[in-house]
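Structural description and commentary
Next come the chains, spelled out residue by residue.
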Amino acid sequence: MLADNVVHFARVLRHAGLAVGPDRVLAALEAIEAVGLARRDDVHAALSAVMIDRHEQQALFDDAFAAFWRDPKLLERMMAELLPKISGRGDRANKPRSHRLANALAPTPVGDAARPARQPDDQIEFETSFAFSDRERLQRADFESMTAAEFELAKKLAEEVPLPFAPVRRRRHEASARGRIDLRATMLAMARQPETLVPRFSRARSELPTIVVLLDVSGSMDRYARLMLHYVHGLTRRYLKVHTLTFGTRLTNITRALRHRDPDLALELASAQVQDWKGGTRIASCLDDFNRHWARRLLGANAALLLVTDGLDRDEHGELTRAAEQLRLFARQIVWLNPLLRFDRFEPRAGGVRALLPHVDRFLPVHNLASLADLGAALRSAPDARR
Amino acid sequence: MISPTALPPPRSVDDVVAALAAENYVADRRLATSVYLALTLKRPLFVEGEPGVGKTELAKALARALQAMLLRVQCYEGLDVAQTAYEWNVARQMMEIRLAEAAHDVGDAASRERLARSLYARSMLIERPLLQALTQERSPVLLIDELDRADEPFDAFLLEVLAENQLTIPELGTVRAAPDAAPIVVITSNRTREIHDALKRRCLYHWVDYPDLDRELEIVRIRAPGAPERLAAQVVAFVQRMRTLDLFKAPGIAETIDWSNALVALNAFSLAPDNVRDTLGVLLKHRDDIAKMQGGDVTKLLAELQATARGEAPRAAPADAR
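Everything numeric here is computed off the predicted structure, so don't read it as measured data. (Residues numbered from 1 in each chain as written. Chains lettered and ligands numbered in written order. Predicted model: local features only at pLDDT ≥ 70, side-chain atom pairs only at ≥ 80, totals over all residues.)

**With respect to the overall build of chain A**
Regarding its fold elements, chain A presents 17 helices and nine strands. For chain A, the residues scored as buried account for 40% of the 387 residues in total. (Helix = DSSP H or I, 4+ residues; strand = E, 2+ residues; numbered from the N terminus. Buried ≥ 20, exposed ≤ 12 C-beta atoms within 10 Å, placed from the backbone.)

**Digging into the environment of A:Phe247**
Residue and element names in this part refer to chain A. By the secondary structure assignment, Phe247 is in strand β5 (residues 242-247). Accessibility expressed as a C-beta count within 10 Å gives 25 for Phe247, which makes it buried. Taking the C-alpha atoms as reference points, Phe247 and Trp277, 30 residues apart in sequence, are found 8.4 Å from one another. Residues contacting Phe247, with those up to four places away along its chain left out, are Leu214, Asp216, Val217 and Cys286. (Contact = placed C-beta atoms within 7 Å.)

**Considerations on the interface of chain B and chain A**
Often, the extent of an interface is quoted as the loss of accessible area on bringing the components together. Each partner contributes residues to the interface: chain B has 38 residues there, and chain A has 31 residues. Counting only elements with at least two residues in the side of chain B that touches chain A, the list comes to α2 (29-41), α5 (90-102), α6 (109-119), α9 (197-201) and β9 (204-208) of chain B. It is α2(B) that contributes the most residues to the side of chain B that touches chain A, eight residues altogether. Looking at side-chain class alone, the side of chain B that touches chain A contains 17 nonpolar, seven polar and 14 charged residues. (Nonpolar A, V, L, I, M, F, W, Y, C, P; charged D, E, K, R; others polar.)

**Structural notes on the sheet that holds strand β2 (residues 180-181) of chain A**
Residues and elements named next belong to chain A. Read across the open sheet, the three strands follow the order β1-β3-β2; overall the sheet is antiparallel. Of all the strands in the sheet, the pair left with one neighbour each is β1 (168-176) and β2. Both β2 and strand β3 (residues 201-207) contribute to a ladder of two bridges, which runs antiparallel. Following the sheet pairing, Arg180 is matched in β3 by Ser202. (Pairing = 2+ DSSP bridges.)

**A few points about the environment of A:His260**
All names here are of chain A. Its place among the elements puts His260 in the loop between α11 (255-258) and α12 (263-273). The exposure class assigned to His260 is partly exposed, which follows from the 19 C-beta atoms found within 10 Å. Sequence separation between His260 and Ala185 is 75 residues, and the spatial gap between their C-alpha atoms is 40 Å. Here His260 is in contact with Leu265, Ala266 and Leu269, once residues within four sequence places are set aside.

**Focus: the domain arrangement of chain B**
Residue and element names in this part refer to chain B. Looking at chain B, the domain boundaries give domain 1 (13-79 + 128-208), domain 2 (87-122) and domain 3 (213-312). Domain 1 puts eight residues into the contact, and the matching count from domain 3 is nine residues. A breakdown of the residues in the side of domain 1 that touches domain 3 according to their chemical character gives three nonpolar, three polar and two charged. (Domains from an automatic or database assignment.)

**A look at the packing of helix α9 (residues 183-192) of chain A against α5(B)**
Interaxial distance between α9(A) and α5(B) falls to 10 Å at its minimum, and their mutual angle equals 25°. Our classification of the angle between α9(A) and α5(B) gives roughly parallel. Two packed elements cross with a definite hand, and for α9(A) against α5(B) that hand is left-handed. On the side of α9(A), the interface is formed by A:Leu183, A:Arg184, A:Met187 and A:Met190, while α5(B) contributes B:Val90, B:Gln93 and B:Ile97. Looking at the contact of α9(A) with α5(B), its residues break down into five nonpolar, one polar and one charged. (Axes fitted to C-alpha atoms, helices over the stretch in contact; angles between N-to-C directions. Parallel < 35°, antiparallel > 145°, perpendicular 65-115°, else oblique. Left-handed = near helix turned anticlockwise from the far one by under 90°.)

**Considering α2(B)**
Residue and element names in this part refer to chain B. Taking 1.5 Å of rise per residue, the 13 residues of α2 would be expected to cover 18 Å, and the 18 Å separating its terminal C-alpha atoms lies within 8% of that figure. Along α2, 10 of the 13 residues are buried, which leaves the element largely enclosed by surrounding structure. Three or more residues of α2 are buried, namely Arg30, Leu31, Ala32, Thr33, Ser34, Val35, Tyr36, Leu37, Ala38 and Leu39. Phi turns positive, to about 55°, at Lys42, one or two residues after α2. (Expected span 1.5 Å × (residues − 1).)

**Here we look at the sheet that holds strand β8 (residues 184-189) of chain B**
All names here are of chain B. One open sheet holds the five strands; their spatial order is β2-β5-β8-β1-β9, and the pairing between them is parallel. Where the open sheet ends on each side, the last strands, each with one partner, are β2 (70-74) and β9. Between one strand axis and the next, the sheet turns through 20° on average, direction left out of account. Where strand β1 (residues 45-49) lies against β9, five bridges are found, and the strand directions are parallel. Following the sheet pairing, Leu45 is matched in β9 by Leu204. Packed onto the sheet, helix α3 (residues 55-65) meets β1, β2, β5 (141-145), β8 and β9 and runs at close to 170° relative to β5.

Structure representation (structure tokens):
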């Protein structure tokens, strides 16, 4: 029956990581009824309109659709079965195929907006051919699970330590003791007590901006990256507007993974996504990638950028300078946290450091970042004024 | 423009294609299917895509095709209820109070109650597009443009309007649209942020892609009628090729149309390296992109296009075709 098939198709999509709930199945049935089964492309368009909600899912949906509704006879049979009172078993022949598809797609984390839907393919290619670059050493992230103490500390840190960002003024207003006269609120007060005139005030709300964390996970950052992830997980849980991307030789958006409440699960999901853990660094190309593909989506609305990297990269042909300049134009404020400085006297020697430094608002060198406590101390000691 | 009697809604996807085409909007079949579903299932249509691919234009064309009223909410940060849904006419309310005072009509509780009621009567309400959309006699087209520019609280506020076709005004009560006059909602987004899943879940989703060569040529013919056929074909082929380059911001259809018109204004009959370089600013809005194109890519692309044009021409000499 048509309903069976749609339900089954929805299950395939769910396995593939799309959030297709029962409401969408119902909508899909309605949609198919509305467009009819005369044309395959109409059915495709109708199901896609109902079942996906972001562009990245399109490729995955198309593949699944092609695989699932592949049997040309199937549509005819469905058409016959649309007529009432004819009952038949769902098409068994397509089951193995869809299971294989579901299995192939299963590793993609749930509702993953972060990466293009094609990603599973790339991954397979990537792991089989190591010829990509000799500088890139692939290694699965090995986040040891957090100890209970670490977990507590990360939570406390995220809750108590002020963020090194200046709050931004929103255009949305809130009631306050003084500011602009709020006529509507004043009227409401007057309606209750017509003989008085007590003006009510409102003023622009000031709040922390959206925060984008760009976290270097290359080999030289190994120990610090793990600490930072713990901290960012705490932050993400406390404060929803945090987006996290890791980079080494490529950019990975792990925001959704970090949204999970359970830190171990969150870090596990993140580690499954990050492919270039402890590999080389290509800061310039990763920043450029970020500028092109993510900056406009994530850095709108006065977002702030927390860049966590040691800056140990060369600035070949001024590429890093250009990428940093561009980033400067997108982000309202950039804070650079550099955990690798072991000396009190900081000298920007590496080309990468020299290229990045002029384009950040605040530079937070952290000496000997060995624990979350050190990170907390560094964030606390950060001077408030913007550079 | 708005006819008093309701037009019959389109009965098939083909109807939608034809109706939009009559309004000079060239829709591909997938988009038409989404529009048709939005009309039949009475769900909001969420259109996402790069800037300049005709998302806003879709809502306008749809309104014209259905001969419906178009109500538009242009989103920006800090957008609130007063600008989108309704606002109390405070000046009138003040006058009302003053008059009541002058008439010594605020002395006892009953008269106060009367005053409060008259202050928050429906006539004191200034309707903004969202509320207007719910109070029409015929379904209007409600365009919520560039929702990604508004902030998250506005998404949440929209939920009630979109899901229930109703709006709650604390002082007055709930305003509900008549079932047969519910607004046809089109939401557009350039994706400068992700819209909340809860909102998207209630909508039909459609990603508007750049059109293919034939469709874009058709659009240019309609929207830039002054351009000679040869020029239009060259322009479209050039832009299509350009979108495959690694640019910060690939040109949209709006840019293609603008460019065609610009070239016509300059009396160009075909693309040449000179006039392309002079008018690149119409097409590309990013300094790095322009620099990249001017650094030799223009000549290369033009040569490439000419080569393919010659290769496809039936009478092309074999020596010409590279």
